[in-house]
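Structural overview
Spelled out from the first residue to the last, the chains are:
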Amino acid sequence: MSERRGGRQGGPDRHGSNDRQGRSPRQGRNPQQRGSGGGPRARDAVRQSARDVALSVLTEVDEADAYANLLLPARLRDAGLDARDASLATELTYGTLRGLGLYDAVAEAAADRHPADLDPRTASAVRMGVHQLLNMRVADHAAVSETVEALRRAGGGRSSGLVNAVLRRVSAHDADTWIEELTAGRGADEALALRTSHPAWIVRALRMALRGHGRGGDGLEAALRDVLDADNAPAKVSLAALPGLADRDDLAAAEDAQLTPADLSPIGLVLETGDPRDVPGVADAHVRVQDQGSQLVALALTAADTAANPSWLDLCAGPGGKTAVLGAVAAGRNGRVHAVDSSEHRTRLVRESTAGSPGTVEAVHADGRTVGRDQAGMFSGVLVDVPCTGLGALRRRPEARWRRRPDDVAALAPLQTELLHSAIAAARPGGIIAYSTCSPHWAETAGIVDDVLPGGEVELLDAPAVLAELTGRPAEAFASAARGDGRFAQLWPDVHGTDAMFLALLVRR
């Protein structure tokens with residue numbers, strides 16, 4: 001599969017991305033022309049099926065660079081699907097996005113026409129159909145006919161014959177046969193990229209990250225395959241019961257709660273089934289949907305800074321998940337949190353996220369790079385969760401793998417470095433700085449922190465030891481070999497069941 005790239009700016013997700021691998025993204029299209037039709041309210045009173053919902057989301061992700069994790073919950077609510085159909089719509093959406101690289105290659109081989117050459121609605125129908133044929137327990141005839149009917153209901157009747165023909169050709173072989181045919185003659189990385197449906201540059205970047213953080217050794221290739229496979233495994237919904245606002249054990253013990261305590265985060269819960277909006281406390285911002293890795297990063301700062309009345313700065317706060325944890329802990333310690341984000345929209349999201357701790361969190365729209373100058377030495381602790389490529393969150397944001405480009409890593413490095421310097425300047429002497437990314441890439445993690453250490457302003461603390469204290473697991477379970485003393489922490493989806501969060505803890509001298 002060739003790497004087709006284009007660039008387009010936009011999207012509310014800080015760890016999401018703006019560029020995609022695949023055919024050049026469609027630009028300048030009038031929103032009135034979108035194939036999704038704007039969801040169920042834009043159509044007549046036709047009952048939405050799971051395929052209708054999935055097709056509308058996939059179309060908008062492709063056409064408008066929307067984010068499935070933000071769009072799908074609203075579409076499910078509007079459609080009023082029961083639990084079974086909602087689960088099917090979720091698998092159709094996320095499964096199609098995860099496998100898009102492979103599915104495009106299969107469709108192109110079957111039809112001699114790349115899906116990206118089609119209009120977004122038709123392309124999304126093809127991809128959704130291929131996912132059902134190759135990776136779901138759906139009878140071939142149902143996968144083809146039901147997908148074609150969903151396309152017709154969405155207004156794509158003129159393309160239904162083409163989609164029907166392509167899917168019937170795809171159904172002539174199973175997934176293994178297609179993969180064997182398509183990988184023949186390719187290099188090892190390109191073949192692995194196709195098998196696991198990742199861009200080849202991400203395969204290489206993750207291999208380098210694993211080597212740099214000390215995973216694998218002689219088993220490096222097996223570790224790489226484990227990470228790639230983990231990216232393609234559906235992640236369960238993880239929630240945080242904010243300290244002082246909700247009790248996770250009480251929530252888990254409630255009748256019909258469908259919640260179990262998380263195995264890593266002391267405030268974490270896992271939703272086994274159901275809608276997280278139905279969990280008590282979610283509506284009041286006392287409980288939040290949040291990956292365990294993100295919970296641990298915020299908790300690590302609160303554990304490392306033992307000040308009785310802490311003053312914490314969240315330098316890149318939006319959309320506010322980690323800020324909410326900081327705010328809840330600060331409220332219980334008579335502290336305060338100053339949250340900064342450079343986007344007005346994301347600043348509003350921070351205010352919504354921290355509504356459970358009124359009076360404790362102040363959310364401000366500002367450039368985090370200037371805070372160290374304007375509020376020098378003001379804070380006992382600073383969290384700087386920098387904008388990054390998001391390569392550690394591909395299981396939750398599957399479309400991001402097709403939007404990011406290799407040069408994004410180098411483009412983000414100056415911003416990440418500036419933000420870390422600002423965080424150091426904003427910390428008082430003896431203050432703690434927590435530097436984190438949702439990426440294991442060396443250039444975004446150890447490479448950034450190593451640049452500031454020779455200046456002598458900060459000293460590296462033992463982040464794995466702090467995580468060990470929080471989780472009850474040995475420090476070695478989190479230690480990265482990026483430094484010989486093992487004081488960087490790196491989480492992995494296949495090992496820890498979290499996003500691949502990186503954490504370094506520094507103290508200002």
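Heads up: these notes are all about the structure in this document. (Residues numbered from 1 in each chain as written. Predicted model: local features only at pLDDT ≥ 70, side-chain atom pairs only at ≥ 80, totals over all residues. Heavy atoms only, no water.)

**Quick notes on the pairing of strand β8 (residues 336-341)**
Of all six residues making up β8, five are buried, and the element is well covered by its neighbours. By the bridge criterion, four bridges tie strand β7 (residues 311-314) to β8 in an arrangement that is parallel. Bridging across to β8, S311 finds its partner in R336. Chirality of the crossover, the property in question, places the unit of β7, helix α14 (residues 321-332) and β8 among those that are right-handed. Direction of pairing for β8 relative to strand β9 (residues 361-365): parallel, over a ladder of five bridges. Bridge pairing in β9 places H338 opposite E362. For the handedness criterion, the β-α-β arrangement of β8, helix α15 (residues 344-353) and β9 is classed as right-handed. (Buried < 20%, exposed > 50% of the residue type's maximum accessible area, 1.4 Å probe, protein only. Helix = DSSP H or I, 4+ residues; strand = E, 2+ residues; numbered from the N terminus. Pairing = 2+ DSSP bridges. Right-handed = clockwise from strand over helix to strand, strands pointing away.)

**With respect to empty space enclosed by the protein**
Rolled over the atoms, a probe with the dimensions of a water molecule shows which regions are left empty. On inspection of all chains with the given rule, the structure shows five cavities of 30 Å³ or more. In this structure, the second largest cavity occupies an estimated 40 Å³ of space. Lining of the second largest cavity is provided by A107, A111, R113, H114, P115, L118, V126, L162 and V166. At the level of elements, α4 (100-111) and α7 (160-170) are the ones that each hand at least two residues to the lining of the second largest cavity. For the lining of the second largest cavity, a count of residues per class yields seven nonpolar, one polar and one charged. (1 Å grid on protein atoms, 1.4 Å probe; cavity = no way out; pocket = protein on both sides within 12 Å on 5 of 7 lines; lining within 4 Å. Points joined across faces, edges and corners; volume = space filled by probe spheres on them. Nonpolar A, V, L, I, M, F, W, Y, C, P; charged D, E, K, R; others polar.)

**Comments concerning the packing of aromatic side chains**
Applying the stated criterion to the full structure yields two aromatic pairs. Centre to centre, the rings of Y435 and F502 are 6.4 Å apart; their planes meet at 75°, and the pair counts as edge-to-face. With a gap of 67 residues between them, Y435 in strand β11 (residues 427-437) and F502 in strand β15 (residues 502-508) connect regions that are remote in the sequence. Residues Y435 and F502 agree in their burial class; the two are buried. (Phe/Tyr/Trp six-rings, centres within 6.5 Å; stacked < 30°, edge-to-face > 60°.)

**Re the sheet that holds strand β6 (residues 287-289)**
Here we have four strands laid out as an open sheet, ordered β4-β5-β3-β6, and antiparallel in their pairing. Looking at strand neighbours, the two that pair on one side only are β4 (259-261) and β6, the edges of this open sheet. Ignoring strand direction, the axes of neighbouring strands in this sheet form an average angle of 30°. Note that β4 and strand β5 (residues 268-271) share three bridges and pair antiparallel. Note that in β5 the partner of L259 across the bridge is L271. (Axes fitted to C-alpha atoms, helices over the stretch in contact; angles between N-to-C directions.)

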